[in-house]
Amino acid sequence: MSERPTPDLTILETRVYRGANVWSYDKSVHLVVDLGSLEDFPTNTLPGFTDELVAMLPGLREHSCSRGRRGGFLERLQEGTWLGHVAEHVALSLQQVVGHDIRRGKTRSVKGQPGRYNIIYGYVDEQVGLEAGKLAVRLVNHLVQGDPDFEWEAERDAFIRRAERTAFGPSTQAIVDEAVSRDIPWIRLNQYSLVQLGQGVHAKRIRATMTSETSSIAVDIASDKDLTTKLLGAAGLPVPKQESVRSADAAVAAARRIGYPVVVKPLDGNHGRGVCLDLRSEEDVRGAFEVAREQSRRGTVIVESFVTGKDYRCLIIDGRMVAIAERVPASVTGDGTSTVEQLVDLTNADPRRGVGHEKVLTRIKVDEAALEVLAGQGHSLQSVPAEGEMVKLALTGNMSTGGISIDRTFEAHPENVEIAEEAARMVGLDIAGIDFICPDITEPVREAGGAICEVNAAPGFRMHTHPTIGEPQFIAKPVVDMLFPPGATSRIPIIAVTGTNGKTTTSRMISHIFKGMGRKVGMTSTDGVVIDERLVIRADASGPRSARMVLQNPRVDTAVFEVARGGILREGLGYERNDVAVVLNVQPDHLGLRGIDTVEQLADVKAVIVEAVPRDGHAVLNADDPLVREMRRRCSGQVVWFSMDEPGSEARDMIDAHCRRGGKALVLDPSERGEMIVVRHGRREMQLAWTHLLPATFGGKARMNVQNALAAAAAAFAAGAPLHDIRQGLRSFSTNYYLSPGRLNEVEVNGVNVIVDYCHNAPGMKMLGDFVDRVGDSLESSHDLARPSRIGIIATAGDRRDEDMRELGHIAAQHFDVCIVREDVALRGRERGEVAGLVLEGVRNAMAEGSRCKQAEEVLDEISAVRHALNRANKGDLVVVCVDKHAEVMTELENWSSQAQAGAGASSDTPAADPDYTAPTES
């Protein structure tokens with residue numbers, strides 16, 4: 001044990017989970033940290049640590065921790081807890097400082113590695129969550145031993161500014177919060193305010209207060225203030241006299257015709273930029289023209305009559321008025337002793353004020369325009385206004401220039417409300433901000449005087465949701481009501497498929513069933529992203545990013561995701577929940593990677609999709625697999641079992657009891673005619689299909705596809721598909737290359753039967769070997785001459801354990817007469833020839849034990865291995881190719897067939913000339 005603590009807390013690894021994961025049901029940050037010497041120093045051994053930490057982050061007093069009550073974490077600090085746990089709570093507290101209400105977190109030690117801990121905590125904004133973790137570690141180290149370069153206030157303020165840069169504005173945040181309260185999923189599409197609400201075909205988009213329903217023409221009209229005024233005037237609505245000009249002389253002439261005082265503003269400005277009010281002379285107009293022209297993208301300026309009165313903003317959503325606010329220009333009120341400059345500083349010290357739209361109020365900016373406004377009132381920054389005197393610093397009441405708002409929603413006269421709603425309809429905006437200038441909004445504008453001076457597209461919500469005076473209006477509700485009317489659907493059904501083997505084929509079967517029902521299916525798999533049967537991205541797309549890509553596609557109405565172990569460990573699921581989770585099997589593969597060393601740990605990873613099933617969802621589980629059976633305890637919804645076991649087995653007995661309680665299951669019922677897939681729901685039984693009549697099962701010989709068909713049918717049944725559609729989907733799905741590339745594709749090449757499959761692990765080789773035996777026996781019984789040979793081209797991935805590679809070779813040797821060992825292009829950290837050598841070692845060990853295999857060869861290049869196998873094969877032989885690049889292999893087979901049909905003979909390439917060729921080993 002160290003005598004003195006040193007600041008050794010370091011981050012070894014950082015991961016961001018963007019959905020449900022092995023640690024949490026929601027998105028989280030995962031830090032792997034090393035305490036170093038601090039492992040020997042819990043908090044109760046560090047004098048002053050707790051007091052100083054709580055003084056810096058008072059919010060820690062509210063943390064309940066495992067005690068379940070306020071102050072629980074403070075008790076843990078005083079009793080003594082490890083600094084990894086402290087870093088977790090500091091990261092949560094820092095996020096709470098910037099307004100992110102996150103309370104989920106846990107810290108667990110890394111098994112077998114003293115001093116190392118997994119820190120997991122939730123986040124709202126990914127970058128803010130990551131920065132919180134980094135700052136938490138630095139703060140803990142600083143409190144252990146003071147760092148002269150660490151200044152807490154500066155670091156905290158920098159963190160707050162960083163969070164504010166990526167935070168949504170008040171308008172966007174209000175809409176997102178309302179969507180979340182209704183269980184509407186959302187995805188942030190960029191670093192600004194572009195957000196998708198809903199999924200797939202039901203998705204809507206917002207950008208601040210513009211929506212996917214906002215008319216582009218209406219926005220253009222609202223941006224052209226001259227055209228807006230003409231349209232409103234033509235509808236009989238009160239508008240000021242107005243002319244558009246492009247020169248200072250024309251502006252002066254227009255002012256004369258309209259009559260002083262006038263307003264000069266840019267044709268297409270916003271946020272009150274370039275607006276000059278109450279101009280009473282030619283000199284004022286000329287100066288104002290230059291200011292307005294700078295803010296006009298088109299170089300055109302509006303001159304209009306100056307309407308006196310108060311400034312009101314009427315918010316219209318979907319044709320109805322939902323809020324009205326009186327806008328008061330930026331100003332200060334004198335106290336008889338302070339200067340204007342001091343009063344401005346005092347007003348800006350209000351914690352509600354910030355820069356731009358980062359807070360509910362904006363700081364008053366003292367610029368040249370403000371100085372001119374002061375001068376017009378006979379003041380300067382050094383003037384001392386009388387007590388109670390209001391001194392303006394801006395002429396417009398925009399919140400963005402430091403103004404304040406007063407809620408007047410329930411005070412407006414009905415006639416004024418009708419005028420505002422009609423103005424929004426005339427322009428065509430779904431969300432509009434109508435600016436009124438009138439003496440009093442409680443009196444009819446047509447009688448008391450006043451006019452509509454502007455119609456705004458994408459109006460800010462801040463003045464309504466956070467008024468300076470008055471009650472806040474919950475205006476996000478009508479926006480979400482407009483996008484998703486009561487009863488409208490925001491989610492598409494999501495079916496997630498996982499397991500050690502069979503994921504891709506099962507996903508394709510499910511997609512095929514729903515495609516037959518007329519659905520637009522988005523599917524992800526190890527081959528890529530498929531949208532409505534079109535491969536849009538060719539890559540290993542079994543991770544969370546591909547899933548999000550499907551959910552963003554506006555054509556997709558059903559999503560089928562192949563979910564791989566690696567994606568779950570790397571980023572989580574990438575979505576919130578799945579309606580149906582399918583777990584096919586859990587077998588030893590990928591062990592020794594990312595901390596997963598046992599099959600039980602692998603089962604915990606794959607169970608994440610079961611935990612993501614909601615109460616009204618279903619988990620489709622393999623009753624024949626003990627590890628999968630245990631996952632039923634993690635499912636919040638209903639369980640649908642499938643089983644290939646015969647009646648009387650443990651799995652079937654469990655299913656019988658399950659169905660007696662009203663449960664659902666799919667089983668095989670054997671008979672003299674074959675095996676029938678039977679759907680059971682409670683005490684009812686419904687026959688679905690004979691397995692030997694399903695093309696993908698090769699007459700029932702491909703037992704792995706019998707299991708996949710059971711799982712696919714169970715998933716479709718759980719998702720609500722009618723039985724006749726499920727039956728038709730299974731009967732029309734085959735393993736031809738166009739429906740199921742790389743999965744049991746059968747090709748005949750010059751009389752040689754070739755099977756192309758993506759088998760790459762020992763459990764998969766067992767199933768493939770069973771298929772080879774059944775097919776081989778069938779070929780032998782139909783062959784009149786010599787017994788057909790079985791030639792296998794085998795390989796595995798370089799990131800598997802050595803013993804797994806040997807086992808694959810050992811299993812293959814029991815089913816093939818000749819084993820040709822090749823290697824993948826991607827060696828995954830291995831040396832060239834190393835993987836093939838280990839597989840070949842397993843083959844030779846089996847040969848020494850008297851296995852079926854009599855000859856083993858090593859041809860590392862995949863295409864060379866295929867050519868060698870075909871060169872040595874005779875008519876009637878069976879060649880099985882375990883592929884890496886299936887498209888290239890299929891092209892080679894087609895070329896070979898073309899050469900044979902053209903009489904060109906076999907390829908002249910011989911493995912003896914291949915540098916990757918190793919002479920055969922024979923027994």
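Above this text sits the structure in question.
Residue numbers restart at each chain and count upward from 1, following the sequence in its written direction. Reporting of local features is limited, given that this is a predicted model, to residues whose pLDDT is at least 70; pairs of side-chain atoms are given and counted only at 80 or more, and all residues count toward the totals for whole chains, interfaces and linings. Remark: hydrogens and water are excluded; side-chain values derive from all non-hydrogen atoms of the structure.

Explain the sheet that holds strand 23 (residues 521–525) to me, and be specific about the residues and the numbers.
Criterion used throughout: strands pair if DSSP finds at least two bridges between them. Comment: elements are numbered from the N terminus, with helices defined as DSSP H or I runs of at least four residues and strands as E runs of at least two. Across the sheet, 11 strands lie side by side as 25-24-23-26-22-27-28-29-30-31-32; this open sheet has mixed pairing. Strands with a single pairing partner mark the edges of an open sheet, and in this sheet they are strand 25 (534–538) and strand 32 (684–690). Across the sheet, the axes of successive neighbouring strands diverge by a mean angle of 20°, strand direction being ignored. Strand direction decides the pairing type here: strand 28 (residues 618–622) and strand 29 (residues 638–643), joined by 5 bridges, are parallel. Bridge pairing links Ala619 to Val639 in strand 29. Seen against the sheet, helix 25 (residues 723–732) touches strand 31 (674–681) and strand 32 and runs at an angle of roughly 25° to strand 32. Angles here are taken between N-to-C directions and fall from 0 to 180 degrees, while the axes themselves are lines fitted to C-alpha atoms, restricted in helices to the stretch in contact. It only takes one pair of heavy atoms within 4.5 Å for two residues to be counted as in contact.

How would you explain the packing of aromatic side chains if you had to name every residue and give the values?
Pairing of aromatic rings covers Phe, Tyr and Trp, the last counted by its six-membered ring, and requires centre-to-centre distances within 6.5 Å; plane angles under 30 degrees mean stacked, over 60 mean edge-to-face, and any other angle means tilted. This model, assessed by the stated rule, comprises 4 aromatic pairs. An angle of 65° between the planes, with centres 5.1 Å apart, marks the rings of Phe698 and Phe771 as edge-to-face. With Phe698 in the loop between strand 32 and helix 24 (703–718) and Phe771 in helix 26 (residues 762–782), this pair connects stretches of sequence that are 73 residues apart. With respect to class, Phe698 is no different from Phe771; both count as buried. Geometrically, a lysine NZ or arginine CZ counts as sitting over a ring once it is within 6 Å of the ring centre and also within 35 degrees of the ring normal. The ring of Tyr25 carries Arg104 above its face, with NZ or CZ at 5.7 Å from the centroid. With a 1.4 Å probe rolled over the protein chains alone, any residue whose accessible area is under 20% of its type maximum counts as buried; one over 50% counts as exposed, and the rest are partly exposed.

Got a sec to walk through the side chain of Asn761? Specific residues and values, please.
Its location among the elements puts Asn761 in the loop between strand 34 (752–757) and helix 26. Here a polar contact means two N or O atoms within 3.5 Å. Within protein one must be a hydrogen donor candidate and the other an acceptor candidate, and residues neighboring in sequence count only if both atoms are side-chain atoms. One polar contact links Asn761 to Asn501, side chain to side chain, over a distance of 3.1 Å. In this structure the side chain of Asn761 is engaged in a polar contact, spanning 2.8 Å, whose partner is the side chain of Asp589. Non-local contacts of Asn761, meaning those with residues more than four positions away in its chain, are made with Thr500, Asn501, Asp589 and Leu808.

So, the nonpolar core: which residues are in play, and what are the values?
By nonpolar core is meant a set of buried Ala, Val, Leu, Ile, Met, Phe, Trp, Tyr and Cys residues that side-chain atoms within 4.5 Å join together. Among the nonpolar cores identified, the biggest contains 50 residues, and Phe561, Leu573, Tyr575, Val610 and Leu621 are the most heavily contacted of them. At 4 residues, helix 20 (residues 599–606) tops the list of elements feeding residues into this core. Apart from the residues within four sequence positions on either side, Leu621 is in contact with Val583, Val610, Val628, Met631, Arg632, Val639, Val640, Trp641 and Phe642. Leu35, Leu60, Ile119 and Val144 belong to the second largest nonpolar core, which has 43 residues in total.

Help me get a handle on a negative patch on the surface, residues and values and all.
Think of a patch as exposed residues, more than 30% relative accessible area, with no salt bridge, where like charges cluster within 9 Å and nonpolar side chains (Val, Leu, Ile, Met, Phe, Trp, Tyr) cluster within 5 Å. Per-residue and other accessible areas were derived by the Shrake-Rupley procedure at a 1.4 Å probe size, with only the shown protein chains allowed to occlude residues. Definition used for salt bridges: Asp or Glu carboxyl oxygen within 4 Å of a side-chain nitrogen of Lys or Arg. Charged-residue counts in this description rest on Lys and Arg as positive and Asp and Glu as negative, His and the chain ends being excluded. A charged residue contributes its charge at one atom only: NZ of Lys, CZ of Arg, CG of Asp or CD of Glu. On the surface, a cluster of negative charge is made up of Asp147, Asp149, Glu151 and Glu153. With respect to the element layout, Glu151 can be found in the loop between helix 4 (126–144) and helix 5 (152–166).

Run through unusual backbone geometry, naming residues and quoting values.
Residue Pro261 follows Tyr260 across a cis peptide bond; omega there is -5°. Turning to its location among the elements, Pro261 is positioned in the loop between helix 9 (248–258) and strand 10 (262–266). Even without being a glycine, Asp278 presents a positive backbone phi close to 50°. Tracing the chain through its elements places Asp278 in strand 11 (residues 276–279). In this structure, Asp318 is a non-glycine residue whose phi angle is positive, near 55°. Locating Asp318 in the fold gives a position in the loop between strand 13 (310–317) and strand 14 (320–328).

Explain the pairing of strand 14 residue by residue, including any values.
Counted residue by residue, strand 14 has 8 buried out of 9 residues, so it is predominantly covered. As paired strands, strand 13 and strand 14 are joined by 7 bridges and run antiparallel to one another. Note on strand 14: the bridge partner recorded for Leu315 is Ala323. Following strand 13, the chain reverses through 2 residues before pairing antiparallel with strand 14; Asp318 in that reversal takes a positive phi of roughly 55°. Pairing geometry for strand 14 and strand 19 (residues 404–407), over 4 bridges, is antiparallel. When the bridges of strand 19 are listed, Glu326 appears paired with Ile406.

Can you explain the sheet that holds strand 1 (residues 10–17)? Please cite residues and give values.
The antiparallel open sheet is built from 4 strands, whose spatial order is 1-2-4-3. Each edge of the open sheet carries a strand with a single partner, namely strand 1 and strand 3 (105–109). Between one strand axis and the next, the sheet turns through 15° on average, direction left out of account. With 5 bridges connecting them, strand 3 and strand 4 (residues 116–122) associate as antiparallel partners. Counted as the bridge partner of Thr107 is Ile119 from strand 4. Those strands touched by helix 3 (residues 83–97) are strand 3 and strand 4, and its axis lies near 20° from that of strand 4. Its contacts with the sheet place helix 4 against strand 1, strand 2 (28–34) and strand 4, and it is angled at close to 165° to strand 1.

Describe in detail the environment of Gln587, supporting the description with residues and values.
As for its position among the elements, Gln587 is in the loop between strand 27 (580–583) and helix 20. The spatial distance from the C-alpha of Gln587 to the C-alpha of Gly637 is 25 Å, given a sequence separation of 50 residues. Those residues within four positions of Gln587 in sequence are excluded, and the remaining contacts are Thr500, Asn501, Val599, Leu602, Pro763 and Met767. Polar contacts involving the side chain of Gln587 include one to the side chain of Asn501, which spans 3.2 Å.

Lay out the pattern of salt bridges with the relevant residues and their values.
Here the structure, examined in full by the defined rule, presents 69 salt bridges. The closest approach of N and O atoms between Glu415 and Arg446, which form a salt bridge, is 3.5 Å. Highlighted residues: Glu415 in helix 13 (residues 414–427) and Arg446 in helix 14 (residues 445–448), separated in sequence by 31 residues. A single network of salt bridges, built from pairs that share partners, joins Arg18, Glu126, Arg545, Arg548, Arg570 and Glu571.

Geometry only, nothing functional implied.
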